[in-house]
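Chain and residue survey
One-letter residues, chain by chain:
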Amino acid sequence: MNNTAKMPIYRQIEEQLIERIVSGVYPLNSCLPSERDIQQELGVTRKTVRRALELLEEKGIIAKEGRRLSKIVRRPQAGARNLAFMFAGMMNSMYDVYHQFFQEIKSLALTHRENFYYIDGTMPVSPEMARIQFDTVFVAGKATDELEKLLSPQTKLISLDDYPVAGADVTVCLDNYEAGVKAAEALLSCECSHPVFLGVEDIYRNNLPNRLRRQGFVEILQERGISPQLLDIAPYPNVEKVIHALRKLTPESDGIFAINDYIGIMATRALSQLGWRVPKDIKLLSIDGQEMGEYTMPPLTTMAQPCREIAETAYKYSLKDKSEIIKGEKIMKSVRMIFRESLPKKNMTLSAEKCIEAIM
């Protein structure tokens, strides 16, 4: 091992073991030498060998076989994999979320020394990009016709949102229906008896994630015998349009769930201009966990998307052979509540707080 190299020793061991697996020195379905044998051969510590094996296990190359041996369950491709991230989302409400997906997956790819490409789904794919053999393409948002230019029969297609993506091998995304349920539970826990859903006109027709958020919110309230007020903002929202929608609030309205943080942030300004005091007169929460919600007046309670968890799960699926993936499989993740002043946790009853924690 080269102690003067910039690459850590455990990374050098990992690469050497991968090279032996790729070349067939260690055949598929055979076991690697024991930790002690590798330690003695390479003259390193047991802890260093163990860290290298942990990386191989994280990549799905080996799996534990008994207490001491590691079985080779996947032969990596020779050379670095080519991964692509296609972003075709809504610039206002989802840009920050999709960008975080991109950053998390990019970090994983670069850590494993893989080639990573960003592709703007709203622009034509260049001929140079179309010639690259991609191992995996991650899609955030609606897929466009340009996606077909990146795919081959061997390419794995992984969707990171609830939008239907034709041909997706697996979808790893937020459970948007459950998020709507949690929003309703949070308002009820603060003793809101006349909750309001604040959405955008025409957004539900082709936007499955937002449709599911509203559905979860409405259905759980109806089960409790409550009919929530549904307010829709005119398309291409701005503060003036939000004010126009919120003029329909009734004196009994006491809690609002905004369809995303973009709408929630504008709602804080609109409510202030209309004379509503948040949270004294009316509680407010939204969803997505965008950082700018922390700087509204008052700071916005939100439900954060589990971006890192989604990215890590999607990346692990990219390491699998395509034959190992159940076509059309869907893995859903839960939001994480971030309580701020617009719906403070201290307002919850003890029993209601336990209910929220149970569904989180």
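Residues numbered from 1 in each chain as written. Predicted model: local features only at pLDDT ≥ 70, side-chain atom pairs only at ≥ 80, totals over all residues. Heavy atoms only, no water.

1. As for the sheet that holds strand β7 (residues 170-174)
Ordered by their spatial adjacency, 6 strands build an open sheet running β4-β3-β5-β6-β7-β13, and the pairing between neighbours is parallel. Two strands close off the open sheet at either side, each with one partner strand: β4 (115-120) and β13 (329-333). Taken pair by pair, the neighbouring strands of this sheet meet at an average axis angle of 20 degrees, ignoring direction. By the bridge criterion, 5 bridges tie β7 to β13 in an arrangement that is parallel. Bridging across to β13, Val 172 finds its partner in Ile 331. Sheet strands in contact with helix α4 (residues 95-111) are β3 (82-88), β4 and β5 (136-141), and its direction is about 175 degrees off that of β3. (Pairing = 2+ DSSP bridges. Helix = DSSP H or I, 4+ residues; strand = E, 2+ residues; numbered from the N terminus. Axes fitted to C-alpha atoms, helices over the stretch in contact; angles between N-to-C directions. Contact = heavy atoms within 4.5 Å.)

2. A closer look at the environment of Arg 74
Considering the arrangement of structural elements, one finds Arg 74 in the loop between β2 (69-72) and β3. Considered as a pair, Arg 74 and Lys 280 are 206 residues apart in the sequence and their alpha carbons are 58 Å apart. Beyond its immediate chain neighbours, meaning those up to four positions away, Arg 74 contacts Ile 21, Leu 28, Lys 59, Gly 60, Ile 61, Leu 319, Lys 320 and Asp 321.

3. Re helix α2 (residues 35-42)
Within the sequence span of α2, burial applies to Glu 35, Ile 38 and Leu 42. Seen along its axis, α2 keeps its buried residues to an arc of 65 degrees; they face one direction. Summarising the contacts, the buried residues of α2 are in contact with α1 (9-23), α3 (46-58) and β1 (62-65). One or two steps after α2, the chain reaches Gly 43, where phi turns positive at roughly 70 degrees. (Buried < 20%, exposed > 50% of the residue type's maximum accessible area, 1.4 Å probe, protein only. Arc of directions from axis to C-beta.)

4. With respect to the nonpolar core
Counting 48 residues, the largest nonpolar core has Leu 198, Leu 246, Leu 249, Ile 256, Phe 257, Leu 271 and Leu 285 as the members making the most contacts within it. Listed by contribution, the elements that provide at least two residues to this core are α6 (176-189), β8 (195-200), α7 (208-223), β9 (229-233), α8 (239-246), β10 (255-258), α9 (261-273) and β11 (283-288). Considering every element that reaches this core, the biggest residue donor is α6, with 7 residues. What Leu 271 contacts, discounting residues up to four positions off in sequence, is Leu 246, Leu 249, Ile 256, Trp 276, Val 278, Ile 282 and Leu 284. Listed in part, the 28 residues of the second largest apolar core include Phe 102, Ile 105, Leu 108 and Val 170. (Core = buried A, V, L, I, M, F, W, Y, C linked by side-chain atoms within 4.5 Å.)

5. Some points on the environment of Ile 233
With respect to the helices, strands and loops of the structure, Ile 233 is situated in strand β9. Residues Ile 233 and Asp 202, spaced 31 residues apart in sequence, show a C-alpha to C-alpha distance of 9.4 Å.

6. Considering the confidence of the model for the protein
Taken residue by residue, the protein gives an average pLDDT of 88. The fraction at 70 or more is 91%. Model confidence for the protein, summarised as mean pLDDT per element, is weakest for helix α11 (residues 350-359) at 45 and strongest for β10 at 98. Low pLDDT (under 50) marks residues 350-359, which in the prediction has 14 contacts with non-local residues, meaning those over four places away or in another chain. (pLDDT = per-residue confidence, 0-100.)

7. Brief notes about the sheet that holds strand β14 (residues 336-338)
Pairing between sheet strands relies on hydrogen bonds along the backbone, with the strands arranged either parallel or antiparallel. With mixed pairing, 6 strands are arranged side by side in an open sheet as β9-β8-β10-β11-β12-β14. Edge positions in the sheet fall to β9 and β14, since each of these pairs with one other strand and no more. Here the strands of the sheet are splayed against their neighbours by 20 degrees on average, with no regard to which way each runs. Looking at chain direction, β8 and β10 are connected through 4 bridges and run parallel. The residue bridging Val 196 from the neighbouring strand is Ile 256, located in β10. The strands that α7 touches are β8, β9, β10 and β11; relative to β8, the one it contacts most, it runs at about 160 degrees.

8. Observations concerning the pairing of strand β6 (residues 156-159)
Residues Lys 156 and Ile 158 line one face of β6 and the alternating positions Leu 157 and Ser 159 line the opposite face, and both faces are buried. For β6 and β7, the ladder comprises 2 bridges, and the chain directions are parallel. Bridge assignment links Ser 159 to a residue of β7, and that residue is Thr 171.

9. Describing helix α10 (residues 307-318)
With 12 residues, α10 extends 16 Å from end C-alpha to end C-alpha; this agrees with the ideal 16 Å at 1.5 Å per step. For α10, the set of buried residues is Cys 307, Ile 310, Ala 311, Thr 313, Ala 314, Tyr 315, Tyr 317 and Ser 318. As for α10, its buried residues are in contact with β3, α4, β5, β6, β7 and β13. (Expected span 1.5 Å × (residues − 1).)

10. Things to note about the packing of α2 against α3
Packing of α2 against α3 leaves a shortest axis separation of 9 Å and a crossing angle of 115 degrees. Here α2 runs over α3; the crossing is right-handed. Listed contacts from α3 to Glu 35, Arg 36, Ile 38 and Gln 39 of α2 are Arg 46, Val 49, Arg 50 and Leu 53. Tallied by class, the residues present in the contact of α2 with α3 amount to 3 nonpolar, 1 polar and 4 charged. (Left-handed = near helix turned anticlockwise from the far one by under 90°. Nonpolar A, V, L, I, M, F, W, Y, C, P; charged D, E, K, R; others polar.)

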